[in-house]
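The chain contents come next:
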Amino acid sequence: MTAIGMEVSGLTVELTTPRGTTRAVDGVSFTAHRGRTLALLGESGCGKSMTAQAIVGLLEPIASVTAGSVQVDGEDLLKVSRKRRRQLAGPTLSIVFQDALTALNPVLKVGTQLAEPYRIHQRMPAKRARAKAIELMRHVGIPEPESRVDSYPHQFSGGMRQRLLIAMAVALSPKVLIADEPTTALDVTVQAQILALLAQLRKEHDMAVVLITHDLAVVAEEADTVAVMYSGRIVETGPVDEVFEDPRHPYTRGLLDSVPVETERGADLSSIPGAPPDLFAIPPGCPYQARCPLVQDVCRAERPALETRAGRAVACHLAEGTAQ
Amino acid sequence: MLTFLRRRVLTSLLPLLAVVLGVFVLARLTGNPTALYLPENATAQAREQFSAANGFDKPIWSQLLDYLSGVVRLDFGTSLRTGESAAVMALRAFPATLQLAAVTMLLACLVGTAVGCWAALRPNGLADRVSSLLSMTAASVPDFWLAILGIWVFAIMLGVLPTSGVDAGGLSWVLPIAVLMLRPAGVLTQVVRGAMISALGSPYVKVARSKGAGERRVVARHALKNAAPPALTVAGDLAVGLINGAVVVESIFGWPGIGKLLIDAILQRDFAVLQAAVAITAISIFVLNIAIDIGYALLDARVRQKVGAAA
Ligand SMILES: Nc1ncnc2c1ncn2[C@@H]1O[C@H](COP(=O)(O)OP(=O)(O)OP(=O)(O)O)[C@@H](O)[C@H]1O
Ligand code: SF4
Ligand SMILES: [Mg+2]
């Protein structure tokens, strides 16, 4: 078994809005191993980004973590001081955010931005940090890095910008890298290159990668483990090949039935009839009840817990019945 | 960068030319300026003499040429009141206005940036509320009223500041600057606050934080640099407005600048001085606009490229 990179348990995020308070992330737990990829899979709005932001400590002011822990290297990230968190941001835990096209500062040279991790964490002199930035650019496949280091973000294509962001995130060789939909904003042709780059860097740095996506094909190709999220909760998790071969949660099964995995990269997870429950009106019991073909009375009364049976964790009252 | 500059100079020259021509047209619009320049009871002979001496008997286009060649040589004729060269008088008054405006603008920018950032870091906090209230008040109270209030409270009631003039050294600066800077500082605070709030909520600031950047680096390096271009644009407009505001404030406080010269010239129908003062004001606004554009381009590579491509 590979070493554990990060262990998230019971992570809960509450959202306070004029419409009321609700749980956008509700008791999420997963373990990411070094050198492996864990995919966090789910429809738009199910709380994937919120989970990622809670882990890196960069939630919007309206959201706050109310329970749970994030263990990395024997420290609980949710308990450490702000200063300690900043020290860990980069060398231990890094993130590539969802908005690839706007995530670089438009008025700073890319070289300056790439040099920042070295400047902040290693107090490296500007000249050496710049040389490091050039090296990083070359490493992630930016052509002519010596001349482009002084360019501004708008002078790069979307794919190149995502490469720069990834380079910045892995600059200090973090133990854990969270990539929030790293290819959604990009052309289909560029997507495969970015995923290949991530895989290469994961091996080089022996990183635990948490890959957030709503793309089943990406999960099938890139991930070792998958955690399926629905309405702020993880409803099924396990090794990708097992889960895809034999899905036990009706939601996972619905997803897999609706999309031919091998052919359609980029297909959206919207082909199951119905929609997820309104965040401010989540019914008691199972959140999937309104769309579930197997729904029983017990589903409306009692919330199914994520229970492990034979190495597979599923949150469904009827999971055992569907196992055979 | 050079094409960029040439373009800006050319586009900004147009309004300058318009002002220079406007002054000429205005001065001639009222008919033969002799009537304006000479007293009511002047003799016909005196009028003819005056006309000839100033070239008013020549055809209008030739007068225009004379006028323009005068402008180019910064020669606006002599003051009717003092007999001195109008241009020399204007140039002598100009530094006083420039100093007043520069110090005011500098202070307004410093205050606006500091308070704006502070308010943006804690939206709806105490600093934010107090500064909003003050900016709104400053924007709605006329300069002359503030000036008079200031004189009444600090010069007359408390007696700690001079009522007018420049003889009291540093203290003479306090009231004129305080009155002049209130509005620009208030407006800049609101602009910086808005720009900083949007910059601090942007994805690139999140990325900077995810790299472990501290608050100071996030604010100064990432957010402020993005908030600077809109603030600079507004600061430029405010600086132009300040030159107008100086007319009132200089007159009230007896500040020997271009504004006071302008008012005095109008009151005394000293057209040569009026023309010189207007022209020098227009030229300084022209230079100011160019400087703002250069600053804008230096701050933002995208502007440089866009303008360069369009040129
Ligand atoms: N500022 C906000 N105000 C109100 N609700 C919000 C806000 N931000 C997020 N939410 C809600 O929180 C939930 C989780 O959002 P999150 O961004 O984590 O979704 P996601 O799974 O990343 O979706 P996507 O695939 O679209 O990125 C969503 O239902 C969203 O509507
Ligand atoms: S608990 Fe009931 S409603 Fe929920 S997924 Fe299982 S069967 Fe469907
Ligand atoms: Mg998201």
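Cut-offs and rules
- Residues numbered from 1 in each chain as written.
- Chains lettered and ligands numbered in written order.
- Predicted model: local features only at pLDDT ≥ 70, side-chain atom pairs only at ≥ 80, totals over all residues.
- Heavy atoms only, no water.
- Helix = DSSP H or I, 4+ residues; strand = E, 2+ residues; numbered from the N terminus.
- Buried < 20%, exposed > 50% of the residue type's maximum accessible area, 1.4 Å probe, protein only.
- Contact = heavy atoms within 4.5 Å.
- Areas by Shrake-Rupley, 256 points an atom, 1.4 Å probe, with all protein chains shown as cover.
- UniProt positions renumbered as here; feature names shortened; annotations may be inferred.
- 1 Å grid on protein atoms, 1.4 Å probe; cavity = no way out; pocket = protein on both sides within 12 Å on 5 of 7 lines; lining within 4 Å.
- Points joined across faces, edges and corners; volume = space filled by probe spheres on them.
- Nonpolar A, V, L, I, M, F, W, Y, C, P; charged D, E, K, R; others polar.
- Patch = residues over 30% accessible without salt bridge, like charges linked within 9 Å, V, L, I, M, F, W, Y side chains within 5 Å.
- Salt bridge = Lys/Arg side-chain N within 4 Å of Asp/Glu carboxyl O.
- Lys, Arg positive; Asp, Glu negative; His and termini not counted.
- Charge placed at Lys NZ, Arg CZ, Asp CG, Glu CD.
- Near = heavy atom within 4 Å.
- Polar contact = N/O pair within 3.5 Å; in protein donor to acceptor, adjacent residues only side chain to side chain.
- Buried area = accessible area lost by both parts, 1.4 Å probe.
- Phe/Tyr/Trp six-rings, centres within 6.5 Å; stacked < 30°, edge-to-face > 60°.
- Lys NZ or Arg CZ within 6 Å of the ring centre and 35° of its normal.
- Donors = N, O, S within 2.8 Å, 3.2 Å for Na, K, Ca; no water.
- Domains from an automatic or database assignment.
- Sits in = over half its atoms within 2 Å of the grid points.
- Core = buried A, V, L, I, M, F, W, Y, C linked by side-chain atoms within 4.5 Å.

1. Here's the deal with the overall build of chain B
Right, so step 1: When helices and strands are tallied, chain B shows 13 helices and zero strands.
Right, so step 2: Reading chain B from its N terminus to its C terminus gives the helix and strand order α-α-α-α-α-α-α-α-α-α-α-α-α.
Right, so step 3: Counting only C-alpha atoms, chain B reaches 85 × 60 × 30 Å along its principal axes.
Right, so step 4: For chain B, buried positions account for 43% of its 311 residues.
Right, so step 5: Considering only contacts in chain B between residues 6 or more positions apart, those separated by 24 or more positions represent 70%.
Right, so step 6: As displayed, chain B offers around 15900 Å² of accessible surface, 69% of which is attributable to carbon and sulfur atoms.

2. Quick word on the UniProt feature "transmembrane region" (unreviewed entry) in chain B
Residues and elements named next belong to chain B.
Right, so step 1: Feature annotation in UniProt places "transmembrane region" (unreviewed entry) on residues 98–121, 133–161 and 273–299, given in this structure's numbering.
Right, so step 2: Helix makes up 100% of residues 98–121 and strand makes up 0%, while its end C-alpha atoms are separated by 34 Å.
Right, so step 3: Secondary structure content for residues 273–299 is 100% helix and 0% strand, and the end C-alpha separation is 39 Å.

3. So, the layout of surface pockets
Right, so step 1: Its volume calculated, the largest pocket comes out at about 1200 Å³.
Right, so step 2: Of all the secondary-structure elements, those providing two or more residues to the lining of the largest pocket are helix 1 (48–56), strand 4 (63–72) and helix 2 (82–88) of chain A together with helix 5 (86–121), helix 8 (170–200) and helix 9 (203–210) of chain B.
Right, so step 3: Split by residue class, the lining of the largest pocket holds 20 nonpolar, seven polar and eight charged.

4. Some details on a negative patch on the surface
Residue and element names in this part refer to chain A.
Right, so step 1: A grouping of D224, D241, E242 and E245 is seen on the molecular surface, where their side chains present a negatively charged patch.
Right, so step 2: Looking at the element boundaries, D224 is found in the loop between helix 8 (216–222) and strand 9 (225–230).
Right, so step 3: Exposure remark for D224: the relative accessible area of 31% places this residue in the partly exposed category.

5. Topic: the site of ligand 1
All names here are of chain A.
Right, so step 1: Taken together, 13 residues sit near ligand 1, with S44, G45, K48, S49 and M50 positioned nearest.
Right, so step 2: In this structure, an oxygen atom belonging to ligand 1 sits 2.5 Å away from a side-chain N or O atom of S44.
Right, so step 3: K48 places a polar main-chain atom, nitrogen or oxygen, 2.9 Å from an oxygen atom of ligand 1.
Right, so step 4: Its free accessible area being 630 Å², ligand 1 has 65% of it covered by the protein chains.
Right, so step 5: The element contributing the most residues to the shell around ligand 1 is helix 1, with three residues.
Right, so step 6: Here the residues of the shell around ligand 1 sort into five nonpolar, five polar and three charged.

6. Focus: the interface of chain A and chain B
Right, so step 1: Taken together, the contacts link 27 residues of chain A with 21 residues of chain B.
Right, so step 2: Taken over both partners, the interface formed by chain A and chain B buries close to 2300 Å², and the fraction arising from carbon and sulfur atoms is 58%.
Right, so step 3: Counting across the interface, chain A meets chain B through three salt bridges.
Right, so step 4: Residue E60 of chain A pairs with K206 of chain B through a salt bridge whose shortest N-O separation is 3.2 Å.
Right, so step 5: Of all the secondary-structure elements, those providing two or more residues to the side of chain A that touches chain B are helix 3 (110–122) and helix 6 (158–170) of chain A.
Right, so step 6: In terms of residue count, the dominant contributor to the side of chain A that touches chain B is helix 3 of chain A (six residues).
Right, so step 7: Per-class residue counts for the side of chain A that touches chain B are 14 nonpolar, eight polar and five charged.

7. Quick word on a nonpolar patch on the surface
Residues and elements named next belong to chain B.
Right, so step 1: Taken together, the side chains of F144, W145, I148, L149, W152, F154, I156, M157, L158, V160 and V248 define a hydrophobic patch exposed on the protein surface, amounting to about 1100 Å² of accessible area.
Right, so step 2: In terms of residue count, the dominant contributor to the nonpolar patch is helix 7 (residues 143–157) (eight residues).
Right, so step 3: Tracing the sequence through the fold places I148 in helix 7.

8. Re the packing of aromatic side chains
Residues and elements named next belong to chain A.
Right, so step 1: Here the structure, examined in full by the defined rule, presents four aromatic pairs over all chains.
Right, so step 2: Judged by centre distance (5.1 Å) and plane angle (85°), the rings of Y230 and Y288 are edge-to-face. On the criterion of sequence distance, the pair formed by Y230 in strand 9 and Y288 in the loop between helix 10 (250–258) and helix 11 (297–301) is long-range, its members being 58 residues apart. Here Y230 and Y288 have matching classes, each one buried.
Right, so step 3: Ring plane angle 65° and centroid distance 5.2 Å describe the contact between Y251 and Y288, whose orientation is recorded as edge-to-face. Separated by 37 residues along the polypeptide, Y251 in helix 10 and Y288 in the loop between helix 10 and helix 11 bring together distant segments of the chain.
Right, so step 4: Cation over ring: R148 sits above F156, and NZ or CZ is 4.1 Å from the ring centre.

9. A few points about the coordination of the magnesium ion (ligand 3)
Residue and element names in this part refer to chain A.
Right, so step 1: Within the first shell, the magnesium ion (ligand 3) binds the protein through S49 (OG) and Q98 (OE1), at distances of 1.8 to 2.2 Å. Of the two residues, S49 sits in helix 1 while Q98 sits in the loop between strand 6 (93–96) and helix 3, which places them 49 residues apart along the sequence.
Right, so step 2: Judged by relative accessible area, Q98 falls into the partly exposed class, the value being 33%.

10. Some details on the domain arrangement of chain A
Residues and elements named next belong to chain A.
Right, so step 1: Under the domain assignment used here, chain A contains domain 1 (4–92 + 174–323) and domain 2 (103–173).
Right, so step 2: Look at where the C-alpha atoms of domain 1 and domain 2 centre, and you get two points 30 Å apart.
Right, so step 3: Domain 1 puts 20 residues into the contact, and the matching count from domain 2 is twelve residues.
Right, so step 4: Here domain 1 meets domain 2 over a buried area of about 1300 Å², counting both sides, of which 66% is carbon and sulfur.
Right, so step 5: The tally of links from domain 1 across to domain 2 stands at zero salt bridges.

11. Quick look at the site of ligand 2
All names here are of chain A.
Right, so step 1: Neighbouring residues of ligand 2: H249, P250, C286, Y288, Q289, C292, C299, P304, C316, H317 and L318.
Right, so step 2: Placement of ligand 2 is best described as lying within the second largest cavity.
Right, so step 3: The class makeup of the residues in the shell around ligand 2 is eight nonpolar, three polar and no charged.

12. Topic: the nonpolar core
All names here are of chain A.
Right, so step 1: In this structure, M6, F30, I55 and I178 are the most contacted members of the largest nonpolar core, which totals 76 residues.
Right, so step 2: Top contributing element to this core by residue count: helix 6, with seven residues.
Right, so step 3: Both domains that meet at this core, namely domain 1 (4–92 + 174–323) and domain 2 (103–173), each give it at least three residues.
Right, so step 4: Apart from the residues within four sequence positions on either side, M6 is in contact with F30, T31, A32, I55, V70, Q71, V72, L93, V176 and V210.

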